[in-house]
Amino acid sequence: MEKALEELVNFVRIGARLDLKTVALENILDLTGSPDGVAAVYNYPPLLFALLTLLQDKSALIAKDVSLSLINITAQEKGAAAVLDLDLSVECPPLQLPPENIMKQCLKEIFNKESKIADQCCMILSNVSRLRHLIEKVIDLIEESGHTFDELIEIFTKNEYNKSAKLHYLGPVLSNLTQSRRVRTFVLDKSKCVIQRLLPFTEYKDSMVRRGGVIGTLKNCCFETDYHEWLLSEDVDILSRLLLPLAGPEEFDEEDNDKLPLDLQYLPEDKTREGDPDIRCILIEAITQLCSTRVNREYIRDKNTYIILRELHKWEKDPKALLACENLVDILIRTEEEIGENNLKELEIPTHLIENFNQIAEEA
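In this numbering scheme, every chain counts its residues from 1 along its sequence in written order. At least 70 in pLDDT is required for a residue's local features to be given in this predicted model, at least 80 for side-chain atom pairs to be given and counted, and no such filter applies to totals for whole chains, interfaces and linings, which use all residues. Side-chain numbers come from the whole structure's heavy atoms, not from hydrogens or water.

As recorded in an unreviewed UniProt entry, the protein goes by Protein HGH1 homolog and comes from Dendroctonus ponderosae. Database annotation for the protein, UniProt heading Sequence similarities (unreviewed entry): "Belongs to the HGH1 family." UniProt positions are given in the numbering used here, feature names are shortened, and annotations may be inferred rather than shown by experiment.

Now the structure itself:
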């Protein structure tokens, strides 16, 4: 295999004939489509080096095949690490400048309004930032790239920044990176209004990837207990945005409606719930995080959150989402005397709910 890869490298260097380069890259793309093939590629640094040199090739077809190959490579944990850790100076041939690191190249394409591979580069970033042990390095490389998180949020929330790319996969990138407190602190900076700009995407219908990425970002930010009161305040009103995707078309009496947040009152007959069970779980888990202290639990109860969850529970079929819903309902229907702790994070999941979930899982 290594001999074959060595031959391929000769055809994907800068200056190689376009027709030979095209055929070689087609073969590399095919290789990265199988477990053994992709492992062979990411374990051969000269080929990774060659791919990085061609990511910004003048030929759109070449750049596309390179980006697709890198998506397949970085989808593997060892492949993502190999690309990020590649020593570009060691593999650089004489008289040739080394390529820029993968993060800088991808960001250059993402910020280029004319780029034809911006979406693929977003996917590469999503892949390399997915791995927890690589996140801090990814953040360092972003900060060293010459671009800022402010700029990243700007293009993510801007309509049709690039007419050839949707940039939806910046959603999962944000979700991945907010596993780090460094990025959560940026998103939660009260002077920047970042989180307020992300909230509308909890109901974004055109892309589950973008919607799920933003909701994952919100959930991660909800781990910062010190910000909970601000998140629940009118300045952000995160509870309404988390509950709305969980609400259906059910009608409530006037008294119940009046207790709900304004955005959840008198919803239309054609109102539908979030269709993806994993995203529903994330929404419920985010609200559960917001219940960490007594004052916030009381606020969430006062907003009649329970009736939305009650109707969701009647409708829900997914075992994992059912368990998440039951855990949150169990918190909301219990009195503070029964809970007995100010901080929810110190509580254990009730045994009867664990048993209930196990029974549901067996019947599913």
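**Let's talk about the UniProt feature "domain: Protein HGH1 N-terminal" (unreviewed entry) in the protein**
UniProt's feature table lists "domain: Protein HGH1 N-terminal" (unreviewed entry) at residues 110-281, given in the numbering used throughout. Runs of E in the DSSP output that reach at least two residues are strands. Runs of H or I that reach at least four are helices, and both are numbered from the N terminus. As annotated, residues 110-281 comprises 51% helix and 0% strand, and the C-alpha atoms at either end are separated by 30 Å.

**Observations regarding the nonpolar core**
The nonpolar side chains of a soluble globular protein tend to be buried with one another. Residues belong to one nonpolar core when they are buried, are Ala, Val, Leu, Ile, Met, Phe, Trp, Tyr or Cys, and are joined through side-chain atoms within 4.5 Å. The buried label applies to any residue whose accessible area, calculated with a 1.4 Å probe on protein chains only, is under 20% of its type's maximum; exposed applies above 50%, and partly exposed to all values in between. Ranked by internal contacts, the top residues of the largest apolar core, which has 115 residues, are Leu 70, Ile 102 and Ile 238. Ranked by the residues each element gives to this core, the list is headed by helix 4 (residues 45-54), at seven residues. The split of the chain into domains comes from an automatic or database domain assignment. Each of domain 1 (1-99) and domain 2 (225-363) accounts for three or more of the residues forming this core.

**Let's talk about the UniProt feature "domain: Protein HGH1 C-terminal" (unreviewed entry) in the protein**
Within the UniProt annotation, "domain: Protein HGH1 C-terminal" (unreviewed entry) is assigned to residues 286-339. Helix makes up 81% of residues 286-339 and strand 0%. Its end C-alpha atoms lie 19 Å apart.

**A short note on the state of the cysteines**
Pairs of cysteine sulfur atoms within 2.5 Å are what we label disulfides. Inspection of every chain in the model, using the stated rule, returns zero disulfides. Cys 106 supplies the cysteine sulfur nearest to Cys 121, a cysteine that is in no disulfide, at a spacing of 4.0 Å. When its relative accessible area of 0% is taken as the criterion, Cys 121 is described as buried. Left without a disulfide partner, Cys 221 is nearest to the cysteine sulfur of Cys 222, which lies 7.2 Å away.

**Structural notes on the packing of helix 15 (residues 208-221) against helix 19 (residues 277-290)**
At a minimum axis distance of 9 Å, the contact between helix 15 and helix 19 shows a crossing angle of 20 degrees. When the axes of helix 15 and helix 19 are compared, the pair comes out roughly parallel. The handedness of the crossing between helix 15 and helix 19 is left-handed. Here Met 208, Arg 211, Gly 212, Ile 215, Gly 216 and Lys 219 of helix 15 come into contact with helix 19, specifically with Ile 279, Ile 282, Leu 283, Glu 285 and Ala 286. Gly counts as polar in this scheme, as do all residues outside two lists: the nonpolar Ala, Val, Leu, Ile, Met, Phe, Trp, Tyr, Cys and Pro, and the charged Asp, Glu, Lys and Arg. Residues of the contact of helix 15 with helix 19, tallied by class, amount to six nonpolar, two polar and three charged. Axes here mean lines fitted to C-alpha atoms, for a helix over just the part in contact, with angles spanning 0 to 180 degrees between N-to-C directions. These descriptions rest on fixed angle ranges, namely under 35 degrees for roughly parallel, over 145 for roughly antiparallel, 65 to 115 for roughly perpendicular, and the rest for oblique. Two helices crossing with the near one rotated counterclockwise from the far one by less than a right angle form a left-handed crossing, whereas a clockwise rotation gives a right-handed crossing. Whether two residues are in contact is decided by their heavy atoms: any pair within 4.5 Å suffices.

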